[in-house]
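A look at the structure
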Amino acid sequence: NSLEQFILLNELDVVSRWTFASAFVRLCWNQAEVPWKASVSVVISVMHNAYFLLTIYLKVYLINVLLAKAAEAGKLHGHEGSQGSETVSERRLSFEGIDRGTESGGLFGEELLVPGNLEATALVVGMCYVIPFAILHILDLVRAKLGLAGALKTMLMSALFRRFMSYKSQVRQHVSDAEISMMCIRDIPELISGGVMSIFKLVEILCQILVTMVFLFMEDQLAIVPFAVYPVLAVIWMAIRRGTLREVQDAKVKAANDLVRGVHQACMNFGMILDYRKRSKAVDRFSATAMKYRKATGAGALVDINNGRFFPWLTTLSMAAYAVIGVQQLQEGLTNVGTFVATFGIFHEVGHELEAGYEIMIEMFQAFHAVKQLTYMLNLETDDSDRMADSRRRLQIGGEMRRKKLKELQEPGKTKDLGRLIGDAQNLYQMVDDLLDIQLSNLTYVLNEGSKEIKILDQVSLELKQGKIITIASGERQGKSTVLQIIAGKLKPTAGHVFIPPHLQVLQVEDTPSFLPESLKRNLIFGVGDDDLSLASYERVKNICEKLKFSDKLMRRLDQDWENLNKEDDDSWISSLTSTDQMQIHLARAFISNPHVLVLHKPFMRFYNHTMQEAVMTAIQDFVNFRGLALAANKPEDVAGRRARTVIMTAFHATEIENADEIFLLANSVLRPISARDELLTGLSSERPRSKQPTLKSAESLANLYKSKTDG
């Protein structure tokens, strides 16, 4: 890769645009099937130019031979029955004069293609126009069906989106979805259509100029001069205008990006704009952005007009000059009418082609403007290597721990227990895997905020057992969400590591619900893999929704979706959801996907009704106790055959603390176990009225609790 050294050194700014363009074209050329498809496209372009040359010679033959002989026949017919004094010999001399004035038909000779038959010859000439044209039409359809442009666009869009999905979290924070959107809907299509595919158009035009020069060399060498000079003048003109083009293009791209970003931000923050009554201000701000876009595109339009008039001026001046020179040549007998008319037509037609070629070069210049940004976005840091390293470490440590645990169980005195456990678990290795702990080893995480460092975790080491409900409590801004993200593998710790047994699938559920713009059914079964579609059965999904106490309205919607009464992309139901509805769907989707470890951030935050809290807590307990929620069979032997299920969640209400198997307190960068629930709750008494529920202590109380424990 010619750009690799610049990418590694982060010096893309010093690379020229044409270096980017050439590297990008090579990238496209090296894709599968591109070389042969491109070769087919070039061959078809050459055939178009061959047809162009054919039409030139047909025009010469039509004027010099066919029309001349038709005029001769007409004169002969007009003289029949004439009583004039002209003798037959004189008329013959006159016709011979016409014949001498009729020059060569070029490629097709001087005689009729069908001897003695003007009409048949005219028909043959007409077929020479029509049949190749029809063949080229078919070939153009073949070229379009090759899908070269579409394949390249799809490849680049997929590569960019795949890269975006693998960006490191800190990188993704600096790449807006508006940038990705504009790259996919504007820049990549322009790069392919206006950049790569324009190369084929340019080759076709250059071949047409070459074909034209061959004809002129054989028929009228003086007319070659303008076509030899045109490309040189075009290169000089582009060199002069390059700076202006770059400046205008940069301004247009920036203005378009700002406009899209403004629309996106307004849509994303519409609720806040509405709440603070700032609609007028938002409209004014957007109007100012739109005005900048208008000015940028207006300036670009003026530049485009001036650039676009370059070749029309050259063509017009050349045609005017040839009209004068050509008449003189006709008078001097240096050319003939057919050649003159064909050459004059060539100036007009090729002039338009040169104009199109120049516009293509300008379009390519503008299109390749995006290669630098695309290169930058395709080479931002991803977490692929980190994830692969973590996966290898998990496999290595997991194998060592499995062997160690198996050896411990086979020690004398534990054989009986081993046999019992094997009988319960039905599989020795599954049983051993379920005994492997989730480990946090010397975990440190430092958050950088400018020049300030905030230590969230400081050398934390813990073992979390599988098959438990684990709750993490803390005061405000202590880093509960950060801890969950590290456990789930979404954040990389500053030091230390987290070990998740390699057979476990971890799913983190954020506290903010999110939805696909699709049906309720598609949202609920989003996390189900193709390898186990039984998890997405109607009976199981409905059972889970009922356990979480979905509203009657949502249950009816679910039934309609399953009966295919609603379109799969119908998202009209989302706008009517309450906050409770949103969280219920959010949690149901997680339970339906059936992960081994479920990491929940404040799952009860939107449930202030104790009945709803109990319903969610019961679902969590069943998920852990039955090793999966609402599965087909829950007999002891069925449950024993499944992998253990673990829930790690942060506390928002007392319910999470009351029903936890293990409780940890996060404060002052330390995560430590809590043995007594009453340390975290107020109102926890067996004598309390049933209507009065315990509550989680305040953030200040939790901080003081940690301080008193450490001081003690």
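In this report, we go over the structure that sits alongside the text. If you're wondering where the values come from, they're calculated on a predicted model, not measured in any experiment.

**Some words on the overall build of the protein chain**
When you go through the protein chain residue by residue, the secondary structure sums to 26 helices and eleven strands. Burial statistics for the protein chain: of 712 residues in total, 40% are counted as buried. Counting every atom, the protein chain has about 38,500 Å² of accessible surface; 56% of that belongs to carbon and sulfur.

**Let's talk about unusual backbone geometry**
We note that Gln-459 has phi near 50 degrees; this positive angle belongs to a residue other than glycine. Relative to the helices and strands, Gln-459 resides in strand 2 (residues 452–464). Classification of Gln-459 as exposed rests on a relative accessible area of 58%. The phi angle at Ala-630 is positive, at roughly 60 degrees, despite the residue not being glycine. Classification of Ala-630 by relative accessible area gives buried; the value is 14%.

**Let's talk about the pairing of strand 9 (residues 670–674)**
The pairing of strand 8 (residues 662–667) with strand 9 spans five bridges and is classified as antiparallel. Of the residues in strand 9, the one forming a bridge with Ile-663 is Ile-674. Hairpin geometry of strand 8 and strand 9 is characterised by an intervening segment of two residues between the two adjacent antiparallel strands and by a positive phi of about 50 degrees at Asn-668.

**Focus on the packing of helix 6 (residues 148–166) against helix 14 (residues 371–378)**
Packed helix pairs are characterised by how far apart their axes lie and by the angle those axes make with each other. At a minimum axis distance of 9 Å, the contact between helix 6 and helix 14 shows a crossing angle of 45 degrees. If you check the angle between helix 6 and helix 14, you find them oblique. When helix 6 is examined against helix 14, the residues Leu-156, Ala-159, Leu-160 and Arg-163 are found in contact with a partner set consisting of Leu-374, Met-377 and Leu-378. Its residues placed into classes, the contact of helix 6 with helix 14 shows six nonpolar, no polar and one charged.

**Overview of the pairing of strand 1 (residues 438–449)**
In regular strands, side chains alternate between the two faces of the sheet. When strand 1 meets strand 2, the two strands line up antiparallel, connected through nine bridges. Bridged to Gln-439 within strand 2 is Glu-463. Taken together, strand 1 and the strand that follows it, strand 2, pair antiparallel across an intervening segment of two residues, in which Gly-450 is found at a positive phi of about 70 degrees. As defined by bridge partners, strand 1 adjoins strand 4 (residues 495–499) across four bridges and the pair is classed as antiparallel. Pairing of Leu-440 across the sheet is with Val-498, part of strand 4.

**Focus: the sheet that holds strand 2**
Strands sit in the order 2-1-4 across an open sheet of three strands; the sheet is antiparallel. Every interior strand has two partners, whereas the edge strands, strand 2 and strand 4, have only one. Strand-to-strand, the axes of this sheet are offset by a mean angle of 25 degrees, without reference to chain direction. Most of the contacts of helix 15 (residues 384–409) go to strand 4, to which it runs at about 65 degrees, and overall it touches strand 1 and strand 4.

**Some details on a negative patch on the surface**
On the surface, a cluster of negative charge is contributed by Glu-190, Asp-304, Glu-359 and Glu-363. Along the chain, Glu-359 turns up in helix 13 (residues 337–367). Here Glu-359 falls in the partly exposed class, since its relative accessible area comes to 42%.

**Quick look at the side chain of Thr-382**
Following the sequence through the fold, Thr-382 ends up in the loop between helix 14 and helix 15. Judged by relative accessible area, Thr-382 falls into the buried class, the value being 13%. Within polar-contact distance, the side chain of Thr-382 engages the backbone nitrogen of Asp-384 at 3.5 Å. Once residues within four sequence positions are removed from consideration, Thr-382 is found in contact with Arg-163, Ser-166, Tyr-167 and Lys-168.

**Quick notes on the nonpolar core**
Judged by nonpolar contacts, the single largest core of 58 residues is most densely connected at Phe-24, Leu-160, Tyr-167, Ile-192, Phe-311 and Leu-374. Mapped onto this core, the elements with two or more residues apiece are helix 2 (17–29), helix 3 (34–79), helix 6, helix 8 (177–219), helix 9 (224–268), helix 12 (310–332), helix 13 and helix 14. Top element by residues in this core is helix 8. It accounts for 14 residues. Setting aside its immediate chain neighbours within four residues, Phe-24 contacts Leu-156, Leu-191, Ile-192, Val-196, Phe-368, Val-371 and Leu-374. Grouped together as the second largest cluster of nonpolar side chains are 42 residues, Ile-525, Leu-600, Phe-607 and Ala-619 included.

**Considerations on helix 21 (residues 552–562)**
Listing the buried residues of helix 21 in full gives Leu-554, Met-555, Arg-557, Leu-558, Asp-561 and Trp-562. All buried residues of helix 21 fall inside an arc of 160 degrees around its axis, so they share one side. The outward face of helix 21, more than 90 degrees from its buried face, is lined by the exposed residues Asp-552, Lys-553 and Arg-556.

**A word on the environment of Val-498**
Residue position: Val-498 is located in strand 4. Here Val-498 falls in the buried class, since its relative accessible area comes to 17%. Val-498 sits 56 residues away from Asn-442 along the chain, and the two C-alpha atoms are 8.9 Å apart. If we ignore the near neighbours within four places in the chain, the residues touching Val-498 are Gln-439, Leu-440, Leu-443, Ile-486 and Ile-487.

**So, the pattern of salt bridges**
What the rule picks out here adds up to 22 salt bridges. With a closest N to O distance of 3.5 Å, Lys-492 and Asp-386 form a salt bridge. With Lys-492 in the loop between helix 18 (480–487) and strand 4 and Asp-386 in helix 15, this residue pair connects regions lying 106 residues apart in the sequence. By relative accessible area, Asp-386 is classed as buried at 18%. In this structure, Asp-458 and Lys-455 form a salt bridge, with 3.8 Å as the shortest nitrogen-oxygen distance. Here the residues in one salt-bridge network are Lys-168, Glu-381, Asp-386 and Lys-492, joined through shared partners.

Rules and cut-offs
Residues numbered from 1 in each chain as written. Predicted model: local features only at pLDDT ≥ 70, side-chain atom pairs only at ≥ 80, totals over all residues. Heavy atoms only, no water. Helix = DSSP H or I, 4+ residues; strand = E, 2+ residues; numbered from the N terminus. Buried < 20%, exposed > 50% of the residue type's maximum accessible area, 1.4 Å probe, protein only. Areas by Shrake-Rupley, 256 points an atom, 1.4 Å probe, with all protein chains shown as cover. Pairing = 2+ DSSP bridges. Axes fitted to C-alpha atoms, helices over the stretch in contact; angles between N-to-C directions. Parallel < 35°, antiparallel > 145°, perpendicular 65-115°, else oblique. Contact = heavy atoms within 4.5 Å. Nonpolar A, V, L, I, M, F, W, Y, C, P; charged D, E, K, R; others polar. Patch = residues over 30% accessible without salt bridge, like charges linked within 9 Å, V, L, I, M, F, W, Y side chains within 5 Å. Salt bridge = Lys/Arg side-chain N within 4 Å of Asp/Glu carboxyl O. Lys, Arg positive; Asp, Glu negative; His and termini not counted. Charge placed at Lys NZ, Arg CZ, Asp CG, Glu CD. Polar contact = N/O pair within 3.5 Å; in protein donor to acceptor, adjacent residues only side chain to side chain. Core = buried A, V, L, I, M, F, W, Y, C linked by side-chain atoms within 4.5 Å. Arc of directions from axis to C-beta.

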